[in-house]
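The chain contents come next:
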Amino acid sequence: MKRYAIEILEIEHANILRMTQVMRRMALRMMEEKTLFVDDIRLVIDWIRGYADKHHHGKEEVILFDEMVKELGDVGERLIRGAMYIEHDAGRYHVSQMEEAVNHFEEGNEEVFLDGITHVLGYAELLKRHALKENEVIYPFGLRSLDEKILDSVDERTKKFEEDFSADEYLEQLEQLEEKYQR
Ligand SMILES: [Fe+2]
Ligand SMILES: [Fe+2]
């Protein structure tokens, strides 16, 4: 039986993957027009920071993955701290580099066009692989290995986390960007 917490995390992955599609199309159009869409990249950066990182990765790190690190010994340590957390950090790096690129581009440095494209595509690629790995390997491993009692508490804490956060605004922004960057 699938757990509430995992269902929520997988729904969030689906939304994050929709954003990575938007980012790829945006990159393609920026290549065609040989410019950086500064305002839209800033929208994407805010979306990633608020939804993908603070809300989604935040929830993983504070609730489910925290239990896996505490309960599953070396394997938990290796899979979570040694892999998932490193990928979360790599995502943050791409986002900070996207921001630097748009800042410098606005100051007239056109060469950072390349860095902008690189980090938009880099983030999209990284997150696709990361989300897939979690859906197919990490979450099922957590479900198989953690005690029922801990999984109950993961569900409860996830519910609370969700009550304090509204995703509506983020989902609306996602739809608007999808509309703008249709194929
Ligand atoms: Fe993650
Ligand atoms: Fe995730």
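Everything numeric in this text was worked out from a predicted model, so none of it was measured.

Peer 1: Before we go on, may I ask you to explain the overall build of the protein chain in this structure?
Peer 2: If you tally the helices and strands in the protein chain, you get six helices and zero strands. Overall, the protein chain shows an N-to-C arrangement of helices and strands of α-α-α-α-α-α. In summary, the protein chain has a C-alpha radius of gyration of 18 Å against a globular reference of 16 Å for 183 residues, a match within 12%. Burial status across the protein chain gives 46% buried among its 183 residues. For the protein chain, restricting intrachain contacts to residue pairs at least 6 apart in sequence, the fraction spanning at least 24 positions comes to 85%. Counting every atom, the protein chain has about 9900 Å² of accessible surface; 50% of that belongs to carbon and sulfur. On the protein chain, the mean spot of the 25 positive side-chain charges and the mean spot of the 42 negative ones are 4 Å from each other.

Peer 1: Can you walk me through the coordination of the iron ion (ligand 1) in this structure?
Peer 2: For a metal with four donors in a tetrahedral arrangement, the ideal angle between donors is 109.5 degrees, while six donors in an octahedron ideally sit at 90 or 180 degrees. Binding of the iron ion (ligand 1) to the protein goes through Glu60 (OE), His88 (NE2), His130 (NE2) and Glu134 (OE), at separations of 2.0 to 2.2 Å. Seen from the iron ion (ligand 1), its four donor atoms lie at angles of 82 to 176 degrees, and the figure they make is irregular. Mapping the donors of the iron ion (ligand 1) onto the primary sequence yields the spacing E-x27-H-x41-H-x3-E. If you look at the iron ion (ligand 1) and the iron ion (ligand 2), they sit 3.1 Å from each other and are both ligated by Glu60. Of this pair, His88 sits in helix 3 (residues 73–106) while His130 sits in helix 4 (residues 113–145); the two residues are 42 residues apart in sequence, bridging distant segments of the chain. The same class applies to His88 as to His130, namely buried.

Peer 1: Sorry if this is basic, but what is going on with the environment of Asp115 here?
Peer 2: Examined against the element boundaries, Asp115 turns out to sit in helix 4. Of the residues examined, Asp115 reaches a relative accessible area of 36% and is grouped as partly exposed. With 14 residues separating them along the chain, Asp115 and Ala101 place their C-alpha atoms 6.1 Å apart.

Peer 1: Would you mind going over a negative patch on the surface with me for this structure?
Peer 2: Taken together, Asp168, Glu169, Glu172, Glu175 and Glu179 make up a surface patch of like negative charges. As for its position among the elements, Glu179 is in helix 6 (residues 168–180).

Peer 1: I'm lost on the coordination of the iron ion (ligand 2) in this one. Help?
Peer 2: Donor atoms from the polypeptide that coordinate the iron ion (ligand 2) comprise His13 (NE2), His56 (NE2), Glu60 (OE) and Glu134 (OE), at 2.0 to 2.1 Å from the metal. Bound by four donor atoms, the iron ion (ligand 2) shows angles of 84 to 165 degrees at the metal and therefore irregular coordination geometry. Coordination of the iron ion (ligand 2) draws on donor residues from a single chain, spaced H-x42-H-x3-E-x73-E in sequence.

Peer 1: Any chance you could explain unusual backbone geometry here in plain terms?
Peer 2: Across residues other than glycine, the phi torsion is negative in most instances, and most of the peptide bonds are trans. The phi dihedral of Lys34 is positive, around 50 degrees, even though this residue is not glycine. Mapped onto the secondary structure, Lys34 falls in the loop between helix 1 (4–33) and helix 2 (38–71).

Peer 1: Is there a simple way to explain the packing of helix 2 against helix 4 in this structure?
Peer 2: The geometry of a pair of packed helices is captured by two quantities: the angle between their axes and the separation between those axes. Viewed as axis vectors pointing N to C, helix 2 and helix 4 meet at an angle of 25 degrees, and their least axial separation amounts to 13 Å. Here helix 4 runs roughly parallel to helix 2, going by the angle between their axes. Regarding helix 2 and helix 4, the two cross each other, and that crossing is left-handed. Taking contact as the criterion, the partners of Ile41, Ile48, Ala52, His56, His57, Glu60, Leu64, Phe65 and Met68 in helix 2 are, on helix 4, Val120, Tyr123, Leu127, His130, Glu134, Ile138, Tyr139, Phe141 and Gly142. A per-class count over the contact of helix 2 with helix 4 returns 12 nonpolar, four polar and two charged.

Peer 1: What is the right way to read the pattern of salt bridges from this model?
Peer 2: Between side chains of opposite charge, a pair can form when the charged atoms approach closely. This model, assessed by the stated rule, comprises 20 salt bridges. With a closest N to O distance of 2.7 Å, Arg3 and Asp152 form a salt bridge. With Arg3 in the segment before helix 1 and Asp152 in helix 5 (residues 148–163), this residue pair connects regions lying 149 residues apart in the sequence. The partner of Lys59 in a salt bridge is Glu12, with the nearest N and O atoms 2.6 Å apart. With Lys59 in helix 2 and Glu12 in helix 1, the pair connects residues that are 47 residues apart, well separated along the chain. For Glu12, a relative accessible area of 3% corresponds to the buried category. Shared partners join several salt bridges into a network, and the residues in it are Arg3, Glu148, Asp152 and Asp155.

Thresholds applied
- Residues numbered from 1 in each chain as written.
- Chains lettered and ligands numbered in written order.
- Predicted model: local features only at pLDDT ≥ 70, side-chain atom pairs only at ≥ 80, totals over all residues.
- Heavy atoms only, no water.
- Helix = DSSP H or I, 4+ residues; strand = E, 2+ residues; numbered from the N terminus.
- Rg over C-alpha atoms; globule rule 2.2 N^0.38 Å.
- Buried < 20%, exposed > 50% of the residue type's maximum accessible area, 1.4 Å probe, protein only.
- Contact = heavy atoms within 4.5 Å.
- Areas by Shrake-Rupley, 256 points an atom, 1.4 Å probe, with all protein chains shown as cover.
- Lys, Arg positive; Asp, Glu negative; His and termini not counted.
- Charge placed at Lys NZ, Arg CZ, Asp CG, Glu CD.
- Donors = N, O, S within 2.8 Å, 3.2 Å for Na, K, Ca; no water.
- Tetrahedral: all angles 85-135°; square planar, octahedral: opposite > 155°, others 65-115°.
- Patch = residues over 30% accessible without salt bridge, like charges linked within 9 Å, V, L, I, M, F, W, Y side chains within 5 Å.
- Salt bridge = Lys/Arg side-chain N within 4 Å of Asp/Glu carboxyl O.
- Axes fitted to C-alpha atoms, helices over the stretch in contact; angles between N-to-C directions.
- Parallel < 35°, antiparallel > 145°, perpendicular 65-115°, else oblique.
- Left-handed = near helix turned anticlockwise from the far one by under 90°.
- Nonpolar A, V, L, I, M, F, W, Y, C, P; charged D, E, K, R; others polar.

Any link to function would need more than the numbers given here.
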